[in-house]
Amino acid sequence: MSASPLSDRHLILGVTGSIAAYKAALLVRRFKTAGAEVQVLMTSAAERFVPALTLGTLSEREVLTDIFPENEDGSWTQHVTLGEWADAFVVAPATAQTIAKLAHGFCDSMLTATALSARAPVLVCPAMDREMYRHAATQRNLERLRDNGYKVMPAAHGELASGLEGQGRMPAPKDIAARVGALIETSADDDAPSPQLSGPLAGAHVLVTAGPTREPIDPVRMLTNPSTGTMGYALAREAARRGASVTLVSGPTALSPPEAVDVVRVDTAREMNDAVQARREDADYVFMAAAVADYTPAHPSDSKHKKTEEDAPLTVQLRRTPDILRTLGAHKQPGQVLVGFALETDAPRRHARRKLEQKNLDWIVVNNPAEDGAGFGPTNRVTLLRRDGPPESLPLLPKAEVAEALLDRVLAAAPHRSQ
Ligand code: C5P
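This is a predicted model, so every value here is computed, not measured. (Residues numbered from 1 in each chain as written. Predicted model: local features only at pLDDT ≥ 70, side-chain atom pairs only at ≥ 80, totals over all residues. Heavy atoms only, no water.)

Undergrad: Tell me about the overall build of the protein, and name the residues and values.
TA: When helices and strands are counted, the protein shows 13 helices and 21 strands. In terms of principal-axis extent, the alpha carbons of the protein reach across some 75 × 70 × 40 Å. Looking at the protein as a whole, 47% of its 419 residues are labelled buried. Sequence-distant contacts in the protein: of pairs separated by 6 or more residues, those separated by 24 or more amount to 67%. (Helix = DSSP H or I, 4+ residues; strand = E, 2+ residues; numbered from the N terminus. Buried < 20%, exposed > 50% of the residue type's maximum accessible area, 1.4 Å probe, protein only. Contact = heavy atoms within 4.5 Å.)

Below, the structure is given as structure tokens:
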């Protein structure tokens, strides 16, 4: 007998507040019997239908509900860790409420936040009353989930808890398990080493940051900058083309992710710092092209600031954000190459050289946004400063060509050690 596709796999089962929640126990049993490790995440509404103790006992892991667990190690980033851990994420039963939240990217619970962090396939198995299922809002939300890349199983027909007959029942656990197995098998095929992974950077890990960060002042206002992310995306694309395994930590941009690049999306400088520091040890080359905010509102407000009287100023107190690159420089691994970017309007080379030394960088790419075609936008005119070697000024170039030139220079000075 061949092994189940679920054998030794990591599955997350998200359980929401539907009467069908009791069937989650059958799903956990089925997954465990097939040899999977199962982490159950419940919404607080689900706990009213089935005790966490039941699912925790069956799964042999503590059931998680709250995104801010009261543990001492401060591991509030567990949703991110779990998102990376999972080979598949199944939401069964999925209520209209959770479907709406997932469709719109809400992350107000461990379940919804982990779904946003998941890199693995997400399968949504709706369960609700017939009219709720048919409602245009629910159908639009399910469509939206599909557009966002989630897989959605249609609800089954039959008798519903309301006494009505119709479509709205949670799909049968055996059908859900079969679908998860198929999803895992397909995604394992997608993970097969790509033939593109050859070239001067084959075997190298490249970490790139791109775009602006957004620092909230209140729920509808933020501090940000005009960075488009073009430089970082161009570098990530070029490094992948040269065979590297690339992670791109991106602030909000309108750009499509480059092919064969693992994209981690963040908003604030603090989130970018967390994403970068978690990956710094594996990185052979780091290109810190993001325009990270240096300051963030010290006390972002939970509600929208009201307009003040006409002449009364509104004061927003700012505090420094973590300097991501400086931390990387302070913990530089042997053989690791760190490349920073500097936007300088006065005495650019002198200031950039000082940054290179202070942040313990190998290279710094300097540009002066006051010059025509330089800075934010599709082209740039840069000077490359290196720790030991003369500066080199490049002509005005599209950013894709700046990326090529920069990678050429960095690799010539420090070829990847597997070469
Ligand atoms: O000190 P300055 O902000 O000019 O340094 C620019 C370089 O430092 C860029 O590579 C930028 O991505 C990085 N940076 C950072 N963390 C910050 C601010 C800038 O890593 N908080």
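Following the structure, the description resumes.
Undergrad: Could you give an account of the side chain of Thr 209, with specific residues and numbers?
TA: Positionally, Thr 209 belongs in strand S8 (residues 205–210). Excluding residues that lie within four positions of it along the chain, Thr 209 makes contacts with Gly 232, Leu 248, Val 249, Met 272, Val 276, Phe 287, Met 288, Ala 289 and Ala 290.

Undergrad: How would you explain the site of the ligand if you had to name every residue and give the values?
TA: As a matter of local geometry, the ligand sits amid 14 residues, with Met 288, Ala 290, Leu 325, Phe 341 and Lys 355 nearest to it. Here an oxygen atom of the ligand sits 2.7 Å away from a polar atom, N or O, in the main chain of Ala 290. Isolated, the ligand exposes 450 Å² of accessible area, and the fraction of that covered by the protein chains is 88%. Going through the elements one at a time, helix H11 (324–330) and strand S16 (337–343) are the ones with two or more residues in the shell around the ligand. (Near = heavy atom within 4 Å. Polar contact = N/O pair within 3.5 Å; in protein donor to acceptor, adjacent residues only side chain to side chain. Areas by Shrake-Rupley, 256 points an atom, 1.4 Å probe, with all protein chains shown as cover.)

Undergrad: Help me get a handle on the pattern of salt bridges, residues and values and all.
TA: Counted according to the given criterion, the structure contains 20 salt bridges. The salt bridge partner of Lys 32 is Glu 60, with a shortest N-O separation of 2.8 Å. Residue Lys 32 is located in helix H1 (residues 23–33), and its partner Glu 60 is located in the loop between helix H2 (52–59) and helix H3 (78–85); the two are separated by 28 residues in the primary sequence. On the basis of relative accessible area, Glu 60 is assigned to the exposed category, the value being 62%. A salt bridge links Glu 143 to Arg 146; the shortest N-O distance between them is 3.1 Å. Remark: Arg 146 and Glu 143 occur in helix H7 (residues 136–147); sequence separation between them is three residues, near one turn of the helix. (Salt bridge = Lys/Arg side-chain N within 4 Å of Asp/Glu carboxyl O.)

Undergrad: Give me the lowdown on the sheet that holds strand S4 (residues 122–126), citing residues and values where you can.
TA: If you trace the five strands from one edge of the open sheet to the other, you get S2-S1-S3-S4-S5, paired in parallel fashion. Looking at strand neighbours, the two that pair on one side only are strand S2 (37–42) and strand S5 (151–152), the edges of this open sheet. Judged from the six bridges that link them, strand S1 (residues 10–15) and S2 form a sheet pairing that is parallel. Looking across to S2, one finds that Gly 14 is bridged to Leu 41. (Pairing = 2+ DSSP bridges.)

Undergrad: Describe in detail H3, supporting the description with residues and values.
TA: Helical geometry note: an α-helix holds 3.6 residues per turn, so side chains three or four residues apart project in the same direction. For H3, the set of buried residues is His 79, Leu 82, Gly 83 and Trp 85. Projected down its long axis, H3 carries its buried residues within an arc of 160°, all on one side. The inward-facing, buried residues of H3 contact S1, S2 and helix H5 (110–117). (Arc of directions from axis to C-beta.)

Undergrad: Residues and numbers for H7, please.
TA: Compared with the 16 Å implied by 1.5 Å per residue over 12 residues, the 16 Å span of H7 between its first and last C-alpha is a close match. Residues of H7 that are buried: Thr 138, Asn 141, Leu 142 and Leu 145. Buried residues in H7, looked at end-on, bunch into an arc of 100°, giving them a common side. Across from the buried face of H7, at angles greater than 90 degrees, the exposed residues are Arg 140 and Asp 147. In this fold, the buried residues of H7 make contact with helix H4 (96–103), S4, helix H6 (130–134) and S5. (Expected span 1.5 Å × (residues − 1).)

Undergrad: An account of the pairing of S8 is needed here, citing residue identities and associated values.
TA: Taking burial as the measure, the six residues of S8 include five buried ones, the bulk of the element. As paired strands, S8 and strand S11 (residues 245–250) are joined by six bridges and run parallel to one another. From the neighbouring strand, Thr 209 faces S11, where its bridge partner is Val 249. Across four bridges, the pairing between S8 and strand S13 (residues 285–288) is parallel.

Undergrad: Requested: an account of the domain arrangement of the protein, with residues and values cited.
TA: Under the domain assignment used here, the protein contains domain 1 (10–187) and domain 2 (205–300 + 317–417). Counting from both sides, the interface comprises four residues of domain 1 and, opposite them, four residues of domain 2. There are two salt bridges connecting domain 1 and domain 2. On inspection of domain 1 and its partner domain 2, the count reaches two residue pairs in polar contact (both at pLDDT 80 or more). (Domains from an automatic or database assignment.)

Undergrad: Describe in detail the sheet that holds strand S17 (residues 363–367), supporting the description with residues and values.
TA: Taking strand neighbours across the sheet as the criterion, the eight strands line up as S12-S11-S8-S13-S16-S17-S19-S20 in an open arrangement whose pairing is mixed. The sheet is open, and its two borders are formed by strand S12 (261–265) and strand S20 (392–393), each paired with just one other strand. Against the sheet, helix H12 (residues 348–358) engages S16, S17, strand S19 (382–386) and S20, with an angle of about 40° to S19. Running at roughly 145° to S13, helix H13 (residues 399–413) makes contact with S13, S16, S17, S19 and S20 of the sheet. (Axes fitted to C-alpha atoms, helices over the stretch in contact; angles between N-to-C directions.)

Undergrad: Give me the lowdown on the packing of H4 against H7, citing residues and values where you can.
TA: Close contact between H4 and H7 brings their axes to 9 Å; oriented N to C, the two are set at 45°. With respect to H7, the element H4 is oriented oblique. Two packed elements cross with a definite hand, and for H4 against H7 that hand is left-handed. On H7, the residues that touch Ala 96, Ile 99, Ala 100, Leu 102 and Ala 103 of H4 are Thr 138, Asn 141, Leu 142, Arg 144 and Leu 145. Along the lines of polarity and charge, the residues of the contact of H4 with H7 split into seven nonpolar, two polar and one charged. (Parallel < 35°, antiparallel > 145°, perpendicular 65-115°, else oblique. Left-handed = near helix turned anticlockwise from the far one by under 90°. Nonpolar A, V, L, I, M, F, W, Y, C, P; charged D, E, K, R; others polar.)

Undergrad: Can you tell me about the environment of Gln 277, naming the residues and giving the values?
TA: Following the sequence through the fold, Gln 277 ends up in helix H10 (residues 269–277). Gln 277 sits 63 residues away from Gly 340 along the chain, and the two C-alpha atoms are 15 Å apart. Dropping the residues within four chain positions of it, Gln 277 is found in contact with Ile 324, Thr 327 and Leu 328. In this structure the side chain of Gln 277 is engaged in a polar contact, spanning 2.9 Å, whose partner is the side chain of Arg 280.

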